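# Understanding the architecture of this molecule
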Amino acid sequence: MDGNSDCGKSLSIDWDTDDELEIEGMPFSSGVGPVTAGQEAFAGCREASSSNGSQTSRTIHHFVGMGFPKDMVVRAMKENGEKDIEAILEALLTYSAIEDLPLEEEHVSDDSCASKCASNHPDLLSDQNNFPIDEENTHYSIDKDGTISVLVEMGYQAEEASIAIDRCGLDAPVAELSDFICAAQMAKEADFHLEKHTEAYIPKDKRKILRTEAWNLKRPKGIMKEQMVQDDEEFRLPNPMTGFGVPSETWSIVHRTLPEAALGPPYFYYENVAMTPRGVWSTISRFLYDIAPEFVDSKYFCAAARKRGYIHNLPIHNRFQILPPPSLKIHKTLPHTKKWWPSWDARDQLNCLLTCVGSAKLTERIRNKLEESAGEPPVHVKKYVMEQCKRWNLIWVGKNNAATIEPEEIEILMGFPVNHTRGVNRTDRFKALGNAFQVDTVGYHLSVLKSLFPGGINLLSLFSGIGGAEVALHRLGISLKNVVSVELSEPCQTIVRNWWEETNQKGNLIHIADVQEVTAKRIAQWISRFGGFDLVIGGSPCNNLAGRNHVSRDGLEGKHSSLFFDYFRILDLVKSMMSQY
């Protein structure tokens, strides 16, 4: 997924691995967080204990015996609970991978899925106690000053806390007070953007509607709360996740009716991770003209899963694939792996490709475990190896040699030209590719534009990352007349600029660093110069939405994912101005 990313500056990891659930046939649902399978990591790890103290001691002893430092084990247990051995092991391997990699090799997740990081200072992995706690069912029987102190410790201003208590009542749960403050902050931010950038183009009554929407982003009460639950049920993730149809599947949808406010010009296309906190897709849909999302897994277009939601006003008929269509199997996409693939590794597709990769220490540990086994590895070794292979998308490149996937291989899987990201450092390549659009999937949806714009297209590409939209349109044979590419990451800008020159594009490419710099004045100038935009495309930061983000999964209130509202702000400005053009 593309978006603003500060490549090379983050040490947080985007655990966007929920895609493995459908591959393994496990149930999942939208909005309630990731499904965690509390399985054994090694045989004997889950011995019963008659006391919490002895269980804790045995767990610490077990992992210390495996070579992990005691303080690291205690930290992992604190963050994941003492009984979830698998989660503890995964956390320990993650800590070790981060510590063992040289700085330039730490393939860390941009807090924003591809260009999705809009800050120069992403959150670092740290103890969860440093972040606001979700206490939905907890009430504090303390005075107002005490409640204010709790909220201040969570990072809110005392004045905000006092107003929230006056409005919600002293007996309100801390979570409800926190919700009220967040909604108020977002309403204030919405007012700021609307008053600063859109006063000349959006009527006051419309600004009032938008401000009201911002206040309702969090959990409402009474009937409104029941309605939000119903809204969430509408957007529960389908299984299979095929949207309005994929090339290999038949489908029966023959018509959809778009709200009048959603009709173009311009066409627009918004993308983000499918598995988000509860209510996020309802909110996104409400802001994007009440269009229901189209949920699609890229495993129907390539050999790697990638569950994403798309909201757009594009036609849904007469779609076609980018040619040649890619293989859906690992061995055909990466044929050099077939020779070494063990019979007990039944994978034929990879999980979601991340912005980080497994460490050399991890792959060495796997190789040692397999070489210790004479012949067929024992069950507990196979289980451990497969858990790591699925988690880190390891592929087999030699006997007992499970290796991390290389940038050139990811480029093939993601639908980019080989060496598309070459020219920037290895860390930035992994990060940018892990955050990018899957080109074949997006191209299938955008293919309907070819007959609509035979002379070419004017594109406003927000959070454009390494140019997934631009590459898709080019591969479809749609000329790029004028492209405004909004992207914070300098490495990503370099990649797009290099691709533009290497493919001999004849149009104009304009780079803007920050999405918040896309003001009404600039939009008006572009519309006057180009005659309007034909497509506004992008996916805002997903770091606060991704299912395995245990640290700052704050939804659209998160400091990065809240940039969704800039996507809406810009889209609504373009629509308003073009309606007057």
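Residues numbered from 1 in each chain as written. Predicted model: local features only at pLDDT ≥ 70, side-chain atom pairs only at ≥ 80, totals over all residues. Heavy atoms only, no water.

Next up on the list: the nonpolar core. Side chains of nonpolar character tend, in soluble globular proteins, to be buried together. If you look at the biggest cluster of nonpolar residues, it comprises 80 residues, and the most contacted ones within it are V385, L446, L449, L473, L535 and I537. When residues in this core are grouped by element, the largest group, 6 residues, is from helix α13 (residues 379–392). If we ignore the near neighbours within four places in the chain, the residues touching L535 are P266, Y267, F268, Y269, L446, L449, I457, N458, L459, L460 and L473. With 44 residues, the next largest nonpolar core counts I512, V536, I570 and M577 among its residues. (Core = buried A, V, L, I, M, F, W, Y, C linked by side-chain atoms within 4.5 Å. Buried < 20%, exposed > 50% of the residue type's maximum accessible area, 1.4 Å probe, protein only. Helix = DSSP H or I, 4+ residues; strand = E, 2+ residues; numbered from the N terminus. Contact = heavy atoms within 4.5 Å.)

Time to look at the pattern of salt bridges. This model, assessed by the stated rule, comprises 14 salt bridges. The salt bridge involving K382 is made with E376; its shortest N-O contact spans 2.5 Å. Each member of the salt-bridge network shares a partner with another, and the members are E408, E411 and R429. (Salt bridge = Lys/Arg side-chain N within 4 Å of Asp/Glu carboxyl O.)

Once that is clear, we can look at the sheet that holds strand β3 (residues 307–312). Within the open sheet, the 7 strands sit side by side as β2-β3-β1-β9-β6-β7-β8. Their pairing is mixed. The open sheet is flanked by β2 (294–297) and β8 (508–512), the only strands paired with a single partner. The sheet shows a mean angle of 20° between the axes of neighbouring strands, taken without regard to direction. Where strand β6 (residues 457–462) and strand β7 (residues 480–486) come together, 6 bridges link them in parallel fashion. Looking at β7, one finds that L462 is bridged to V486. (Pairing = 2+ DSSP bridges. Axes fitted to C-alpha atoms, helices over the stretch in contact; angles between N-to-C directions.)

This part is about helix α12 (residues 360–372). In an α-helix there are 3.6 residues to a turn, and that puts residues three or four apart on one side. The end-to-end C-alpha distance of α12, which contains 13 residues, comes to 18 Å, matching closely the 18 Å that a straight helix rising 1.5 Å per residue would cover. Of all the positions in α12, only L362, T363, R365, I366 and L370 are classed as buried. Taken down its axis, α12 places every buried residue within 155° of arc, on the same side. In α12, the exposed positions angled more than 90 degrees off the buried face are occupied by A360 and E372. (Expected span 1.5 Å × (residues − 1). Arc of directions from axis to C-beta.)

Glancing now at the side chain of E409. By the element assignment, E409 lies in helix α14 (residues 407–414). Nearest to the buried, unbridged E409 among oppositely charged side chains is R426, at 8.3 Å. Not counting the four nearest positions on each side in its chain, E409 is found in contact with L334, H336 and I395. (Lys, Arg positive; Asp, Glu negative; His and termini not counted.)

Here the focus is the packing of α12 against α13. At their nearest, the axes of α12 and α13 sit 10 Å apart, and the two run at 155° to each other. It follows from the interaxial angle that α12 and α13 lie roughly antiparallel. Regarding α12 and α13, the two cross each other, and that crossing is left-handed. Counted together, L362, R365, I366, K369 and L370 of α12 and V381, Y384, V385, Q388 and W392 of α13 form the full contact between these two elements. Tallied by class, the residues present in the contact of α12 with α13 amount to 7 nonpolar, 1 polar and 2 charged. (Parallel < 35°, antiparallel > 145°, perpendicular 65-115°, else oblique. Left-handed = near helix turned anticlockwise from the far one by under 90°. Nonpolar A, V, L, I, M, F, W, Y, C, P; charged D, E, K, R; others polar.)

To continue, consider the packing of aromatic side chains. Applying the stated criterion across every chain yields a total of 17 aromatic pairs. Between F287 and F568, the ring centres sit 5.3 Å apart and the planes meet at 85°, which makes this aromatic pair edge-to-face. Of this pair, F287 sits in helix α10 (residues 280–287) while F568 is found in helix α21 (residues 564–580), placing the two residues 281 residues apart along the sequence. Pair check on accessibility: F287 and F568 agree, each one buried. Taken together, a centroid distance of 5.9 Å and an interplanar angle of 80° make the contact between F530 and F533 edge-to-face. With respect to burial, F530 and F533 carry one shared label: buried. (Phe/Tyr/Trp six-rings, centres within 6.5 Å; stacked < 30°, edge-to-face > 60°.)

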